[in-house]
Amino acid sequence: MSHRTVPHHASQPRIPHHVVRVRFAPSPTGYLHVGGARTALFNWLYARQQGGQFLLRIEDTDKARSTDESTRAIFDGLNWLGLNWDEDVVYQGANLPRHQADARRMLDAGAAYRCFCTPEELEQRRKLAAASKEAFKYDRRCDRLAPDEVSKRVADGMPFVIRFRVPEGETSWDDIVHETISFPNKDIEDFVILRSDGTPIYNMAVVSDDIAMRITHVMRGDDHISNTPKQIQLYRALGAELPRFAHFPMIHGLDGKKLSKRHGATAVSDYQHLGILPQAMNNFLVLLGWSPGGDREVMSMDEMIQLFSEKGLLRKAAVFDTKKLDWMNGQHLSRLSAEALAPLAMATFIREGLLTENDPTATSPEFYKLLDFVKERCRTLDDLARLARPYFTKLPFTIDPALVDSHLRKDAAVTKALLTDSTTALEALTGWTPEAMEAALRAVAEKHGLAAGKVFQPIRVAVTGSTVSPGIFEVLVQIGRDVSLQRLKEAAALAT
RNA sequence: GGCGGUAUCGUCUAGGGGACUAGGACACGGCCCUCUCAAGGCUGGAACACGGGUUCGAAUCCCGUUACCGCUACCA
């Protein structure tokens, strides 16, 4: 049986055929999860590198599961990641008339036929096949109906679906990731393209939309590999040029199973709220299923665009193990200039009460200096806010009671003496410089017969309220003379 | 069950017939640096699923087995 093509006369916007057009087509049935984000990222990188277009299509045809809230979550996630899309968002549900028209064209051209079998009958036959351990495949009985009989049933108002008649032969394509993949057509059943209520089935809607959107490269998860031969048949029957296909490997959970909610944080927004930088998230995701080759790992967005290649695409599913994400975030955090980091850290600093909306200090040289001061020892934005807090000297300052006990009240007498001597020594300084402080404080340590660290650590706790900070002299400079001395005195008072 | 896909350290990966006593990164251990914590440096343990071929030679090519994953709806 030879397949017939349907003339394609819908008018299309004129787009040079060499321009790459890719799309991300999520269904709005939940948050944007990391697997979807990775697919979006790959498409975006490819488009940006090729100077093409990255389009967004919301596949909202499943009215029961789709929500506006999910659509917003997808927008928010993509925006946060910086994966900006071109042109208007396409809502699949709005294209129903075209989906129906395309199905109709195939029916009229004889590439598809009406099927009057009810879901119940089909279910029955499926069970029967399963019982005798046979693979069920629709037996085309309705394709053998006489034309008169078909007309009669239609006239009688009998409900029917439209099935695509899969021609004989073999369907194969040159996948960008997998090279040649091929399916014997005998293993593809005559699939439904239009339901009895007139709405399209997934494969129908996708192909109709991808043709209309002039998609040149369909790049998606490899769970779509077995949909591809069906879609290729549809392209052919519709007389449309085939896009190139790329099937990316899946992302699995730690247990090797398909990633799902029970694997913990899988929404990109989870990581946003955990203080992860968007570029670190992208960097981490891009390495799941792609490698630039060699030892390259930490990359800026621009570098990713430049380096992204078909050749580096992997075929094996990757396990989503976020241990490396924290490390990667720390790398990006320290490499970012304070000016670039400040806006990214804004939300966290506001949440932690260090800044307010539109705070002028957020763009001040002092603030940038502070970020540079602490960023290297941070892995997340939360770390950054925590470490920066002691230097907001206008804010109330308290020392964690647990630290008061462990660092000030333990050996209270010695600690008190150390703190008061240090305070006196620092007060006597003519210049508030690291060099002068170091000399003075090491002298204090010597006087007490202690290692310098034994003096520095109580001071650190006294002035930062923490056991972790940059070098203590720089800390004292950053905090300033008056506040430093004041905090030292307060800490000494606590050491009893 | 049928069809399709995949298979290198715990994890992410380099590797595309000899350069492999298999490299890097995360994580873990040790050491160095050091006023704490990071960062950084050095270092240790840790992998080519199995079996057949092809070849002078295979992690790399072919076949099979096994395991895992996906699809198998009038879901997307």
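Bear in mind that the values here come from a model prediction, so they are computed numbers and not experimental data.

With that settled, consider the overall build of chain A. When you go through chain A residue by residue, the secondary structure sums to 20 helices and twelve strands. Scaling as 2.2 N^0.38, a compact globule of 496 residues should have a C-alpha radius of gyration of about 23 Å, whereas chain A reaches 32 Å, well beyond that. Once the C-alpha set of chain A is aligned to its principal axes, its extents read approximately 110 × 50 × 40 Å. A total of 496 residues make up chain A; the buried ones form 48% of that total.

Here we take up the protein's contact with RNA strand B. Close contacts around RNA strand B come from 63 residues, with Arg 195, Gly 289, Lys 311, Arg 460 and Ser 469 the closest. Backbone atoms, meaning sugar and phosphate, form 71% of the atoms of RNA strand B found within 4 Å of the protein. Contact between RNA strand B and Trp 327: a phosphate oxygen at 3.3 Å from a side-chain N or O atom of the residue. At a separation of 3.0 Å, a phosphate oxygen of RNA strand B approaches a polar side-chain atom of Arg 442. Those elements giving two or more residues to the surface near RNA strand B turn out to be helix H4 (119-131), strand S5 (161-164), strand S7 (179-184), strand S12 (318-319), helix H11 (323-335) and helix H18 (452-464). Counted by class, the surface near RNA strand B contains 20 nonpolar, 20 polar and 23 charged residues.

Now for the packing of helix H15 (residues 401-409) against H18. Where H15 meets H18, the closest approach of the two axes is 10 Å, and the angle between their N-to-C directions is 150°. Viewed along their axes, H15 and H18 adopt a mutual orientation that is roughly antiparallel. H15 and H18 meet at a crossing whose hand is left-handed. In contact with Leu 403, His 407 and Leu 408 of H15, H18 contributes Gln 457, Pro 458 and Val 461. Looking at the contact of H15 with H18 residue by residue, the class counts come to four nonpolar, two polar and no charged.

Residues Leu 403, Val 404 and Leu 408 constitute the buried set of H15. One side of H15 carries all its buried residues, which in axial view fall inside an arc of 105°. Looking at the buried positions of H15, the neighbouring elements they touch are helix H16 (412-427), H18 and helix H20 (481-494). Here H15 starts with a cap whose side-chain oxygen sits 2.8 Å from the backbone nitrogen of Ala 402, and that cap is Asp 400. Looking at the residues trailing H15, positive phi occurs at Asp 411, about 55°.

Once that is clear, we can look at the packing of aromatic side chains. In total, this model carries 15 aromatic pairs according to the counting rule given. Arranged with centres 4.8 Å apart and planes meeting at 85°, the rings of Phe 42 and Phe 248 form a pair that is edge-to-face. With Phe 42 in helix H1 (residues 34-50) and Phe 248 in strand S10 (residues 244-248), the pair connects residues that are 206 residues apart, well separated along the chain. Grouped by ring-pair contacts, the aromatic residues Phe 42, Phe 248, Trp 290 and Phe 308 constitute a single cluster. Arg 114 extends its terminal NZ or CZ atom over the ring of Phe 160, reaching a point 5.0 Å from the ring centre. Its end group placed over the ring of Tyr 138, Arg 163 keeps NZ or CZ at 3.8 Å from the ring centre.

On to the pairing of strand S4 (residues 112-115). Burial of the side chains of S4 extends over both faces: Ala 112 and Arg 114 are buried on one face and Tyr 113 and Cys 115 on the other. Direction of pairing for S4 relative to S5: antiparallel, over a ladder of four bridges. Counted as the bridge partner of Arg 114 is Ile 162 from S5.

On to the domain arrangement of chain A, then. Per the domain assignment, the segments making up chain A are domain 1 (1-89 + 203-335), domain 2 (336-380) and domain 3 (401-494). Each of domain 1 and domain 2 has a C-alpha centre, and these two points are 32 Å apart. The interface of domain 1 with domain 2 comprises 14 residues on the first partner and ten residues on the second. For the pair domain 1 and domain 2, the summed buried surface comes to about 1000 Å²; carbon and sulfur atoms form 56% of the total. At the boundary of domain 1 with domain 2, the tally comes to zero salt bridges. Here domain 1 and domain 2 share two residue pairs in polar contact (both at pLDDT 80 or more) between them. Mapped onto the side of domain 1 that touches domain 2, the elements with two or more residues apiece are helix H9 (278-286) and H11. Top contributing element to the side of domain 1 that touches domain 2 by residue count: H11, with eight residues.

What counts, and where the lines are drawn
- Every chain begins its residue count from 1, and numbering advances along the sequence as written.
- The lettering of chains begins at A and the numbering of ligands begins at 1, in the order of writing.
- Whole-chain, interface and lining totals are the exception, using all residues; otherwise, since this is a predicted model, local features are given only for residues with pLDDT of at least 70 and side-chain atom pairs are given and counted only at 80 or more.
- To get the side-chain values, take all heavy atoms of the structure and skip hydrogens and water.
- Only DSSP runs of H or I covering at least 4 residues are called helices, and only runs of E covering at least 2 are called strands; the numbering of each starts at the N terminus.
- As defined in this context, the radius of gyration uses C-alpha atoms, and a globule is described by 2.2 Å times the residue total to the power 0.38.
- Residue burial is assigned from relative accessible area. The probe radius is 1.4 Å, only protein chains are included, and a residue is buried under 20% of its type maximum, exposed over 50%, and partly exposed in between.
- By convention in this text, a residue qualifies as near a molecule or strand provided that one of its non-hydrogen atoms is within 4 Å of it.
- Side-chain atoms alone can form a polar contact between residues adjacent in sequence; in general such a contact is a pair of N or O atoms within 3.5 Å, and within protein one must be able to donate a hydrogen while the other accepts it.
- Ten residues, namely Ala, Val, Leu, Ile, Met, Phe, Trp, Tyr, Cys and Pro, are considered nonpolar, four, namely Asp, Glu, Lys and Arg, are considered charged, and the remaining ones, Gly among them, are considered polar.
- For helices, the fitted line uses only the C-alpha atoms of the stretch in contact; every axis is such a line through C-alpha atoms, and the angle between N-to-C directions lies from 0 to 180 degrees.
- Reported orientations rely on four angle classes, namely roughly parallel under 35 degrees, roughly antiparallel over 145, roughly perpendicular from 65 to 115, and oblique for the rest.
- Crossing handedness: left-handed means the near helix sits turned counterclockwise from the far one by under a right angle, and right-handed means the same turn made clockwise.
- Only heavy atoms matter for contacts: two residues are in contact if any of them lie within 4.5 Å across the pair.
- To be clear, the arc concerns the directions from the helix axis to the C-beta atoms.
- Only Phe, Tyr and Trp rings are paired, with Trp represented by its six-membered ring, and only when their centres lie within 6.5 Å; those with planes under 30 degrees apart are stacked, over 60 edge-to-face, the remainder tilted.
- For a Lys NZ or an Arg CZ to count as sitting over a ring, it must be within 6 Å of the ring centre and within 35 degrees of the ring normal.
- A strand pair is defined by DSSP finding two or more bridges across the two strands.
- An automatic or database domain assignment is the source of the domain bounds shown.
- Throughout, buried area stands for the accessible area (probe radius 1.4 Å) lost by two parts on being put together, summed over both.
- The rule for a salt bridge is simple: a side-chain nitrogen of Lys or Arg has to be within 4 Å of a carboxyl oxygen of Asp or Glu.

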